[in-house]
Amino acid sequence: PTHPVANAPVGTPPPTVDGFVREFLHELTSNQGVSLERSTVNDQYLALAQTVRNYLSARWIETQKKQRTTRPKGVAYLSAEYLLGRQLGNNLLATGLIDIAEEAMKQCGLDIAVLRAQEVEPGLGNGGLGRLAACFVDSLATMNVPCIGYGLRYEYGIFRQTFVDGQQVEQPDTWLALGCPWEFAHPEHAIQIDFGGTIETYVDADGVERTRWVPEWNVLGIPYNYMVPGYLNGRVNTLRLWSAEATKAFDLAIFNSGDYAQAVRAQTFAENITKVLYPEDSTPQGKELRLQQQYFFVACSLRDYIERVLGPEFDLHELDSRIIFQLNDTHPVIAVPELMRILVDLKGFDWDEAWAVTKKCFAYTCHTLLPEALEVWPVDLLGRLLPRHLEIIYRINEEFLDEVREAFPGDEMRIRRMSIVAEHPARAVRMAYLATVAGCKVNGVAELHSQLLRDKVLPDFSQLWPEKFTNVTNGVTPRRFLRLANRGLSELISSAIGTGWVTDLERLRELEPYAEDAEFRSAFRDVKTRNKAKLNEVLIARDGIELGQDHMLDVMVKRLHEYKRQTLKLLHIVTLYNEIISGRLDPKTVTPRNFVFGAKAAPGYLMAKQIIHLINAVGSTVNADERVGGVLKIAFPPNYNVTLAEKLIPAADLSEQISLAGMEASGTGNMKFQMNGALTIGTDDGANVEIRRLVGDENFFLFGMSEPEVAELQAKGYDPGTYYESDRRLRGAIDLIGSGHFSGGDRGTFGSIVTNLVTVDRFMALADYASYMDAQERVEKAYADTEEWTRSAVLNVARSGYFSSDRSMRDYIQRIWGTPPAF
Ligand code: 26Y
């Protein structure tokens, strides 16, 4: 059969299965150097990836050629993280080659699923922020918007999580070990990046006093390009990740000194910069190497865009007509003084001229509300690594504070509050303030978050510049998280409303009438049942985990954080368990449930690691206790990642989004579950607020305090002990954990969790416990009415169109970038 293939090279005939087989066998012999008979699965995977890559690269070249003539304004997304997930399936989908490739592999006697499973996902991110970047570049390519994603090519991505006796043990993520067929290395385009040294002043030819940086050491940035295909539209954008290597000059000096071993060590020193992704995702450690990473990738990216994309002819006074740099949190904010340095020190701009340009070229997205997550760099560290940048930051700050003085004369407290340079506890640069001062726009990632950002995190700034602040609610790509991850549901949807929804997700609204159609509901349930069966297969093969058959699937997957409240979920489970074993609850009256957790803890976050241990301990105890009669099953597959998410989410019935109100900036997992027909039990937090507004109260299980209620309780003084004392079931659950029941009788093992809960409980799990238990009871009742539950599930899908990252991108374009769609 032939097939139109949107990403096929211009002028080439439509691919056929035979043609695909030929190309595949050619790749196998010429690239892998093996015959089909002698090839390993890895050979086969690499050859298949190469075959797909060939289809894409011709379109990629075409896209770039067009861009060089039309010179549109583009977006440079600056992000320290891209949590891409596997590429092969996505690229097959984008090129329209899925069916052809499957058939071609069959003709070669191969199962494409086995080949796809061979791919190690690039885990170059921690969680939500990195995955969001991956969704955004997918949407921009699909919407035909010129975008280049800039980031870091970590040699080791997010660690591989294993459990030893229920405790997290981290293993290095060797994602490059078997070869990465998706990257194009360009060592010939290496860029030199300087560090350290001093600054000096000199008088230039026109008699003007100027400053220059005399750096001490340098490294090379090697670009690795990855293709970002739009969905069936022929556009292929670029993701450019930088890898650090030693410069020739650097080793030569040492080689010449005769110290060969030292010269080789110097190489390691340089390569360390992109060796590993830092696994913390909220509390910055103030590590010098992280600052090196940040400066390294933004300096490479700015140079690349200015020198290679725009070229020497371009008048940089017009820079904002060709680019907007979107700052994905504060991690790339050192780009601001770097652009100033380029313009003033290297291109001879006046300060004011340079600042006028810079202010138009950056916009800043904040992803947090936790005060401890805001990045702050000590000035001694900054001054040692980037002396000229520190000086530039000081000047930006001086002029900014003059502006504040003018707006609020005599308000010295305000000056101190707003200063980019904090004086206490130690002198340090507040990167979020620098981003806010330099950015033309500042946005939060959900309505509630943007409002709290204005009112609580940056109130002085929003008072000074109200027009700077805006909201763009996050979204997720429906290509990966619905079309690709849930083929069954995709086909059911398309059979009802056609395929247009894949690039126009609001069209899912057309499903609403089908919620009333018993036949459709039955087909919808069949899809869920099949997805659950597939998940079972995956979990058995992956971890030897067996879920309960015909159980409700209740899923909580996200990074492990106290604010996300995995412990609240545990308190629900332990309560049910305790009520059953103490004879107060008949297990036959309990809705059988699988509770699935997925979560990585930052290796240095001890409380988070203890909570992981507790989840595993409760799991093994409850799963083995015959009194439970199998109605409660707990599964915690290790190493939750994008690949596992794509299996779990389509199978889920219930989505747990239970953070303390005012803590989760947005959440994006919540959107993926909704899109795949799970119902949400959640607090009024982050994007949950918008999900609930869209699906309606009757299709959402709301519980817990609202953000203002949290603030009020905080203000009057929160004492978790009172909740513990007054709630019998809660006390029973906590006491059971404290008794050593889940730790072989040892009361010490989880003692600190228990003590923390009843004395501190920073995220108020105990205050929301009763309300959560109530909501879970409503879940049970609702789930018992299969038809009503399915009706709600269908409506959740039908009303999820707003959470397409295509919509997020449209909002960024309208409210922030003003990028017209390209050619
Ligand atoms: C500075 C360093 C320690 C750091 C590294 C990674 C700090 C933060 C992060 C990552 C943060 C993150 O993933 N935030 C999440 O961003 C999502 C996308 O906007 C939100 O949906 C989610 O609520 C937020 O926690």
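Residues numbered from 1 in each chain as written. Predicted model: local features only at pLDDT ≥ 70, side-chain atom pairs only at ≥ 80, totals over all residues.

As recorded in an unreviewed UniProt entry, the protein chain goes by the name Alpha-1,4 glucan phosphorylase, listed as coming from Propioniciclava tarda. Comment text from UniProt for the protein chain, heading Cofactor (unreviewed entry), reads "pyridoxal 5'-phosphate". Quoted verbatim from the Catalytic activity (unreviewed entry) heading of the UniProt record, the comment on the protein chain is "[(1->4)-alpha-D-glucosyl](n) + phosphate = [(1->4)-alpha-D-glucosyl](n-1) + alpha-D-glucose 1-phosphate". (UniProt positions renumbered as here; feature names shortened; annotations may be inferred.)

A. Main features of the overall build of the protein chain. Of the regular secondary structure elements, the protein chain holds 32 helices and 25 strands. Taking 823 residues into account, the globule formula puts the C-alpha radius of gyration at 28 Å, and the protein chain, at 27 Å, falls close to it. With the principal axes as the frame, the protein chain shows a C-alpha extent of 90 × 75 × 60 Å. Put simply, 76% of the contacts in the protein chain that link residues at least 6 apart link residues at least 24 apart. (Helix = DSSP H or I, 4+ residues; strand = E, 2+ residues; numbered from the N terminus. Rg over C-alpha atoms; globule rule 2.2 N^0.38 Å. Contact = placed C-beta atoms within 7 Å.)

B. View of unusual backbone geometry. Cis geometry is adopted by the peptide bond preceding Pro425, which originates at His424 and carries an omega value of 0°. Here Pro425 shows up in the loop between strand E16 (421–422) and strand E17 (428–430). The phi dihedral of Asp329 is positive, around 65°, even though this residue is not glycine. Summarising the element assignment, Asp329 is placed in the loop between strand E13 (323–328) and helix H10 (335–346). Asp329 gets classed as buried once you count the C-beta atoms within 10 Å, which come to 24. (Buried ≥ 20, exposed ≤ 12 C-beta atoms within 10 Å, placed from the backbone.)

C. Highlighting the site of the ligand. With respect to spatial proximity, 21 residues lie near the ligand, and among them Gly128, Leu129, His367, Ala665 and Ser666 are the closest. Residues that form the shell around the ligand fall into these classes: 6 nonpolar, 11 polar and 4 charged. Here the shell around the ligand spans two domains, and each of domain 2 (72–87 + 122–471) and domain 3 (552–787) adds at least three residues to it. (Near = placed C-beta within 6 Å. Nonpolar A, V, L, I, M, F, W, Y, C, P; charged D, E, K, R; others polar. Domains from an automatic or database assignment.)

D. Highlighting helix H32 (residues 805–817). For H32, with 13 residues, the first-to-last C-alpha span of 16 Å runs short of the 18 Å given by 1.5 Å per residue. Among the residues making up H32, those that are buried are Ser805, Asp806, Ser808, Met809, Tyr812, Ile816 and Trp817. The arc enclosing the buried residues of H32, seen along the axis, measures out at 155°, which places them on a common side. Residue Gly818 follows H32 closely and has a positive phi angle near 60°. (Expected span 1.5 Å × (residues − 1). Arc of directions from axis to C-beta.)

E. Structural view of the sheet that holds strand E25 (residues 701–702). One open sheet accounts for 6 strands, arranged E22-E21-E20-E23-E24-E25; its pairing is parallel. Strand pairing shows two members of the sheet lacking a second neighbour, strand E22 (632–635) and E25, which therefore form its edges. Where strand E24 (residues 679–682) meets E25, 2 bridges bridge the pair, whose relative direction is parallel. By the bridge assignment for E25, Ile681 is matched with Phe701. (Pairing = 2+ DSSP bridges.)

F. Structural view of the domain arrangement of the protein chain. With domains assigned, the protein chain is organised as domain 1 (1–71 + 88–119), domain 2 (72–87 + 122–471) and domain 3 (552–787). Summarising the inter-unit geometry, the C-alpha centres of domain 2 and domain 3 are found 36 Å apart. Listed per partner, the contact involves 33 residues of domain 2 and 30 residues of domain 3. Those elements that place two or more of their residues in the side of domain 2 that touches domain 3 are helix H6 (128–142), strand E5 (160–164), strand E6 (167–171) and helix H16 (447–457). Taken together, the residues of the side of domain 2 that touches domain 3 break down into 11 nonpolar, 15 polar and 7 charged.

G. Fine view of the UniProt feature "modified residue: N6-(pyridoxal phosphate)lysine" (unreviewed entry) in the protein chain. According to UniProt, the positions carrying the feature "modified residue: N6-(pyridoxal phosphate)lysine" (unreviewed entry) are Lys672. The topology assignment puts Lys672 in helix H24 (residues 669–675). With 30 C-beta atoms counted inside 10 Å, the residue Lys672 sits in the buried group.

H. Seen up close, the pairing of strand E4 (residues 147–152). Of all 6 residues making up E4, 6 are buried, and the element is well covered by its neighbours. Burial along E4 is two-sided: the residues Cys147, Gly149 and Gly151 and Ile148, Tyr150 and Leu152 are all buried. Sheet analysis places strand E1 (residues 74–78) next to E4, joined by 4 bridges and oriented parallel. Looking across to E4, one finds that Leu78 is bridged to Tyr150. Here 5 bridges tie E4 to strand E12 (residues 236–246), and the two strands are oriented parallel to one another. Among the inter-strand pairings, Ile148 is bridged to a residue of E12, identified as Thr238.

I. Main features of the sheet that holds strand E15 (residues 376–378). If you walk across this open sheet you meet the 3 strands as E15-E17-E16, and the pairing is antiparallel. Looking at the sheet topology across the chains shown, the edges are occupied by E15 and E16. When E16 meets E17, the two strands line up antiparallel, connected through 2 bridges. Bridge assignment links Ala422 to a residue of E17, and that residue is Ala428. Along the sheet, helix H15 (residues 431–438) makes contact with E15 and E17, crossing E17 at roughly 50°. (Axes fitted to C-alpha atoms, helices over the stretch in contact; angles between N-to-C directions.)

J. Representation of the environment of Leu115. One can find Leu115 in helix H5 (residues 112–117). Considering only alpha carbons, one finds Leu115 and Arg430, 315 residues apart in sequence, at a separation of 47 Å.

K. Fine view of the packing of H6 against H32. Taken N-terminus to C-terminus, the directions of H6 and H32 make an angle of 80°; their axes are 9 Å apart at the nearest point. Taken together, the axes of H6 and H32 are roughly perpendicular relative to one another. For the pair H6 and H32, the contacting residues are Cys135, Phe136, Asp138, Ser139, Leu140 and Thr142 in the first and Ser805, Asp806, Ser808 and Met809 in the second. Among the residues forming the contact of H6 with H32, the class breakdown is 4 nonpolar, 4 polar and 2 charged. (Parallel < 35°, antiparallel > 145°, perpendicular 65-115°, else oblique.)

L. A look at helix H23 (residues 642–651). Burial of H23 is extensive: 9 of the 10 residues sit out of reach of the surface. If you check which residues of H23 are buried, you get Val642, Thr643, Leu644, Ala645, Glu646, Leu648, Ile649, Pro650 and Ala651.

M. Main features of the packing of helix H22 (residues 606–624) against helix H29 (residues 751–759). Viewed as axis vectors pointing N to C, H22 and H29 meet at an angle of 110°, and their least axial separation amounts to 9 Å. Regarding the angle of H22 to H29, the classification is roughly perpendicular. With respect to the hand of their crossing, H22 and H29 are arranged in left-handed fashion. Contacts between H22 and H29 involve Met607, Gln610, Ile611 and Leu614 from the former and Ser752, Ile753 and Asn756 from the latter. Split by residue class, the contact of H22 with H29 holds 4 nonpolar, 3 polar and no charged. (Left-handed = near helix turned anticlockwise from the far one by under 90°.)

N. Representation of the environment of Leu132 within the structure. With respect to the helices and strands, the residue Leu132 is situated in helix H6. Sequence spacing of Leu132 and Phe349 is 217 residues, and the spatial spacing of their C-alpha atoms is 36 Å. Beyond its immediate sequence surroundings of up to four residues, Leu132 is in contact with Asn474 and Thr668.

O. Here's a closer look at the pairing of strand E10 (residues 209–214). Sheet analysis places strand E9 (residues 198–203) next to E10, joined by 6 bridges and oriented antiparallel. Its bridge partner lying in E10, Glu200 is registered against Arg212. Where E9 folds back onto E10 in an antiparallel hairpin, the turn is made up of 5 residues, including Gly207, whose phi is positive at roughly 80°.

P. Representation of the environment of Gly801 within the structure. Relative to the helices and strands, Gly801 is located in the loop between helix H31 (786–798) and H32. Between the C-alpha atom of Gly801 and that of Cys440, which follows or precedes it by 361 residues, the distance is 29 Å. In contact with Gly801, other than residues within four places in its own chain, are Leu505, Glu506, Arg507, Leu508 and Arg509.

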